[in-house]
Amino acid sequence: MDGKITQVPAYAWRVRLDHVFPEKLNQMLKPKLHQIWSFVPLLFRYIWYCVTMWWNGRRVVMNFYAPLTSNQWSGVPLGGIGGGTICRSFRGEFCRYQMRPGFYDYNVVHANQFIVTVQNSEGTVVYQQVLSPLSGAPGGKLSAWKWGFPGDQAKYTALYPRAWTEYNISEQNLRLTCRQISPVIPHNYKDSCVPGGVFVWSVENLGSEVKSISITCTLKNGVGSKQDAQGSCHSEPMDVNRDGVQVAGVQIHQLVDNMDCTYCLSALVKEDVAVSRIVAFDPNGDGSGVWNSLAKNGQLTSQTSDKVVGREVACAVCAYVEVPPGNMKTLEFALVWDMPRIHFHLNTKEHYRYYTKYFGKDGEAGPVISHFSLANFSRWEEEISAWQRPILEDLKLPEWYKSAIFNEVYYVADGGTVWLLMDDVESLSSTDPRREFGRFAYLEGHEYRMYNTYDVHFYASFTLSQLWPQLQACLQFDFRDTVLREETEQRVHLFDGKIANRKDINAIPHDLGDPSEEPFVLINAYNIHDVSEWRDLNLKFVLQCYRDYVLSRNVQYLRDMWTQVLAVMSKAETWDTDGDGVIENAGAADQTYDAWIMTGTSAYCGSLWLASLCCVTKMAAILDCPEVAEKYSTLLTKAKASFHKKLWNGQYYNFDSAQRPHSTSVMADQLCGLWYLHACSITDEVFPQANVKSALETIYRLNVKGFRDGKMGAVNGMLPEGTIDDFAIQSEEVWTGVTYGLASLMIFEGMVEEGFHTASGIYETVYNRIGLGFETPEALHHSNSYRSIGYMRPLSIWAIQMAWQRRQQASGE
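If you're wondering where the values come from, they're calculated on a predicted model, not measured in any experiment. (Residues numbered from 1 in each chain as written. Predicted model: local features only at pLDDT ≥ 70, side-chain atom pairs only at ≥ 80, totals over all residues. Heavy atoms only, no water.)

1. Points about the overall build of the chain
- When you go through the chain residue by residue, the secondary structure sums to 20 helices and 31 strands.
- For the chain, whose C-alpha radius of gyration is 27 Å, the value lies close to the compact-globule estimate of 28 Å for 813 residues.
- Counting across all 813 residues of the chain, residues that qualify as buried make up 64%.
- Contacts in the chain between residues far apart in sequence, at least 24 positions, make up 70% of those at least 6 positions apart.
- On the chain, roughly 27,700 Å² of surface is accessible, and the fraction owed to carbon and sulfur atoms is 50%.
- A gap of 1 Å separates the mean positions of the 72 positive and 90 negative side-chain charges of the chain. (Helix = DSSP H or I, 4+ residues; strand = E, 2+ residues; numbered from the N terminus. Rg over C-alpha atoms; globule rule 2.2 N^0.38 Å. Buried < 20%, exposed > 50% of the residue type's maximum accessible area, 1.4 Å probe, protein only. Contact = heavy atoms within 4.5 Å. Areas by Shrake-Rupley, 256 points an atom, 1.4 Å probe, with all protein chains shown as cover. Lys, Arg positive; Asp, Glu negative; His and termini not counted. Charge placed at Lys NZ, Arg CZ, Asp CG, Glu CD.)

Pasting the structure below:
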């Protein structure tokens, strides 16, 4: 393999292992008095809802009483798409487990470590160290181990889906580099679903004598919770030798939330590499068996080759190699898991994960996946490098962006993601992508537990549509199939107490369900507002349909969506209450800004409506429906005139037409519809060019540069006199994904420098100031707080790449 592919990248996110972030924020938002009054009825209804959920043994969808505060430790998560992930912090802890579908366990498992052992030319162990800066495990556990690797002698580099940790052991003239690789590869659907990844250790001997080096990986069952000790588990040896690739390791069989799960830890056996193992040791003991075995001769002495059963168990796998002076050798480990059959909380249906299509459904696939990973990781890296290289080598792109554009992709795998086989394939049409690619779903956020939240996915979908377009298509078909469904279950909506159907016909749902219920069956888990009357959801379906067609040029896809497109547009037309051609908001927070009330014609929903009319007209022409094309073309002409008359104030589009004090707010997202028209390669002047230029310049001057010195992205709302719009909690927030989308629009419109500067504020704040990389929040607040860590919307950053590429293509570069 080309050495450039494996070396530490020049452009990435990097810190030392003893790094401390300059700011420590939390989620303790302090609403202003005038913001609280409208929430008082909601508060009482929410309390009753929480009590009811507790009584029924379930979790609330969004827990506003006990929001998470980041430990500022996240790093690149391990694992492919849809099979679960394990987050490994920049310091080396295995610290966040997403094994249970849709749920996270934030726990450091101290028994999961790497240990280095060094022998001199005479075979004497001269150095042995846990490669972690932690001072030790709590409660005196693993006390025989030497902890506390000096953090200032190691540095971490992240460029998802890979990470590098470099350890300098100067007293032994050694340099160790651990390369963590997950098979998250655009347009590669087989490898990308592999549940696990590979650690490649490069061992450099900088001294003048031969050194014998062993790297030992230890692994415990479970996810670090109390449940780890509540069920039986057992470990056993694992050996695979096929096609010239020999793998040796250990399997740990267990139950995770009453689902069979097997962890497989293994190493690659090579001509110059010896692999040894201890099948089981007590992770709650002092660890002396492992430590002393290594200290004796640099390898593990297996205590038994039989299956070992216990309530908690850990194993160890060691790879040993001699390294001549001035040479480098590599040691390869795989950590994979096999959890083929899953269920959600109500346990009414069993699902098979997508990876079982290639590796088997019987729960015996762990050794096969381990072998596959160690046989193919070099190819993974070549494909990852081929994807990333054009961006990394583009000298015109900012350095920070080259880190952000890839590292934000983490959420595709680590978003509570499930990728499932369809169990009723024969009922699907021959053109339905779910026949081949299954069903894909990810959460709105780590704390907002709803699958495929559509108003947010509208922003995030730029990543899927460009990198895994078949998954985007599968998601779209899932939503298409809900349009004509009516869910007549009556429920009380928490914001206003309104009793309404769970879902109305001809309405795009807010989400496809909560993993604590039965997703895909019980849709619209969100219960704060009646989302069937939200003004943006139907329009966002239309816009995504056409954008995805533009990217694929698949006319059949438009045909498959056409009936539902007309249905949702028909319902949307009923929201034009005064007959002027443009829809009105109902004096409610009836769109993705669900705590920010819009009344009458609004810039946000109005711009989405204009864009949708334009796109439906284009679709109708492609599908040879001239009457439909004529209808919506005429309506678009009428709507444009009304929109501009009601909202244009000479500098920008007013927030809404209600003529209230906050109606003149400068909304950062006021041209969201235009953003999608650019994504759809539509050049029709739906929004006058002079207006667009003036509005974007105003947003940049007030919402970006006029907020926190232009170093924190774009605040959602700013009053024209230059003060933050505090009408609502959300109006004074910065939404990370909206800022990336705004930056993309600026670049589409030729404001390249302004666009990258706008987006850079998010990256610098999240990754370098507050330590929330790999758990990017939905919102930042000007008063040193944030909201909803680990969120879907920042995946909109790939819209920036689309805008950049389109401009490069237009200029012939």
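2. A short note on the sheet that holds strand β2 (residues 77-78)
- With antiparallel pairing, the 3 strands of this open sheet are ordered in space as β2-β3-β4. Each having just a single partner strand, β2 and β4 (94-98) make up the two edges of the open sheet. (Pairing = 2+ DSSP bridges.)

3. What about unusual backbone geometry?
- Residue Y160 is joined to P161 through a cis peptide bond whose omega torsion reads 10 degrees.
- Looking at the element boundaries, P161 is found in the loop between β7 (154-159) and β8 (162-169).
- Phi at L142 takes a positive value of approximately 55 degrees, unusual for a residue other than glycine.
- With respect to the helices, strands and loops of the structure, L142 is situated in the loop between β6 (125-130) and β7.

4. Brief notes about the pattern of salt bridges
- Scanning the entire structure with this criterion turns up 44 salt bridges.
- The partner of K646 in a salt bridge is E584, with the nearest N and O atoms 3.6 Å apart. You can see K646 sitting in helix α15 (residues 626-647) and its partner E584 sitting in the loop between α13 (555-573) and β25 (585-588), a full 62 residues away along the chain.
- According to the relative accessible area criterion, K646 is partly exposed, its value standing at 30%.
- Beyond isolated ion pairs, a larger network of salt bridges with shared partners links D432, R434, R439, D478, R480 and D481. (Salt bridge = Lys/Arg side-chain N within 4 Å of Asp/Glu carboxyl O.)

5. Here we look at the sheet that holds strand β17 (residues 314-323)
- The strand order across the open sheet formed by 5 strands is β6-β5-β11-β17-β15, and the pairing between neighbours is antiparallel. Taken across any chain shown, the strands that pair with only one partner, and hence form the sheet edges, are β6 and β15 (274-281). Ignoring strand direction, the axes of neighbouring strands in this sheet form an average angle of 15 degrees.
- Alignment of β15 against β17, held across 6 bridges, turns out to be antiparallel. By the bridge assignment, R277 is partnered in β17 with V317. (Axes fitted to C-alpha atoms, helices over the stretch in contact; angles between N-to-C directions.)

6. Considerations on the pairing of strand β18 (residues 328-338)
- Judged by how many residues are buried, β18 sits mostly within the fold: 8 of 11 residues are covered.
- Pairing geometry for strand β10 (residues 196-205) and β18, over 9 bridges, is antiparallel. When the bridges of β18 are listed, V203 appears paired with K329.
- The pairing of strand β14 (residues 259-269) with β18 spans 6 bridges and is classified as antiparallel. Paired with T262 across the bridge in β18 is D338.

7. What to know about the packing of helix α19 (residues 752-769) against helix α20 (residues 797-810)
- Interhelical geometry of α19 versus α20 gives an angle of 160 degrees and a closest axis separation of 12 Å. Between α19 and α20, the interaxial angle falls into the category roughly antiparallel. Note that α19 runs across α20; the crossing there is left-handed. In this structure, α19 uses V752, F756 and A759 to contact α20, whose residues at the interface are I800, W804 and R807.
- In terms of residue class, the contact of α19 with α20 is made up of 5 nonpolar, no polar and 1 charged. (Parallel < 35°, antiparallel > 145°, perpendicular 65-115°, else oblique. Left-handed = near helix turned anticlockwise from the far one by under 90°. Nonpolar A, V, L, I, M, F, W, Y, C, P; charged D, E, K, R; others polar.)

8. What about helix α11 (residues 469-480)?
- The terminal C-alpha atoms of α11 lie 16 Å apart, and with 12 residues this matches the ideal 16 Å at 1.5 Å per residue to within 8%.
- Along α11, 10 of the 12 residues are buried, which leaves the element largely enclosed by surrounding structure.
- Among the residues making up α11, those that are buried are L471, Q472, A473, C474, L475, Q476, F477, D478, F479 and R480.
- Each element contacted by the buried residues of α11 is listed here: β21 (418-420), α9 (434-437), β22 (439-441), α10 (454-467), α12 (537-552) and α13. (Expected span 1.5 Å × (residues − 1).)

9. Quick notes on the packing of aromatic side chains
- Evaluation of the coordinates by the stated rule reveals 62 aromatic pairs.
- Ring centres of Y459 and W675 lie 5.6 Å apart, and the angle between their planes is 35 degrees; this geometry places the pair in the tilted category. One end of the pair, Y459, is in helix α10; the other, W675, is in helix α16 (residues 672-679), with 216 residues separating them in the sequence.
- Taking relative accessible area as the criterion, Y459 reaches 1% and is therefore assigned buried.
- Given the relative accessible area of 2%, W675 is considered buried. (Phe/Tyr/Trp six-rings, centres within 6.5 Å; stacked < 30°, edge-to-face > 60°.)

10. Details of the pairing of β6
- Bridge count for strand β5 (residues 113-119) against β6 is 5 bridges, and the pairing is antiparallel. Each bridged residue has a counterpart across the sheet, and for T117 the counterpart in β6 is Q128.
- Hairpin connection of β5 to β6: 5 residues between the antiparallel strands, including G123 at a positive phi of 85 degrees.

11. Quick word on the packing of α10 against α20
- Close contact between α10 and α20 brings their axes to 7 Å; oriented N to C, the two are set at 60 degrees. By the criterion of interaxial angle, the relationship of α10 to α20 is oblique. Between α10 and α20, the residues in contact are F462, T463, Q466 and L467 and W798, A799, M802 and Q805, respectively.
- Along the lines of polarity and charge, the residues of the contact of α10 with α20 split into 5 nonpolar, 3 polar and no charged.

12. Brief notes about α13
- For α13, spanning 19 residues, the distance from its first C-alpha to its last is 25 Å, which sits close to the expected 27 Å at 1.5 Å a residue.
- Approximately 50 degrees is the largest bend angle found in α13, and it occurs at M561.
- Buried within α13 we find Y557, L558, D560, M561, W562, Q564, V565, A567, V568, M569, K571 and A572.
- Buried residues in α13 make contact with α11, α12, α14 (603-622) and α15.
- With a side-chain oxygen positioned 3.1 Å from the backbone nitrogen of Q556, the residue opening α13 is N554. (Bend = angle between axes of the 7 residues up to and from the residue. Polar contact = N/O pair within 3.5 Å; in protein donor to acceptor, adjacent residues only side chain to side chain.)

13. Focus on a nonpolar patch on the surface
- A contiguous nonpolar patch, built from L43, F44, I47, W48, V51, W54, W55 and Y65 and spanning about 1,000 Å² of accessible area, is present on the exposed surface.
- Checked against the element boundaries, W48 lands in helix α3 (residues 40-55).
- The class for W48 is exposed, based on a relative accessible area of 63%. (Patch = residues over 30% accessible without salt bridge, like charges linked within 9 Å, V, L, I, M, F, W, Y side chains within 5 Å.)

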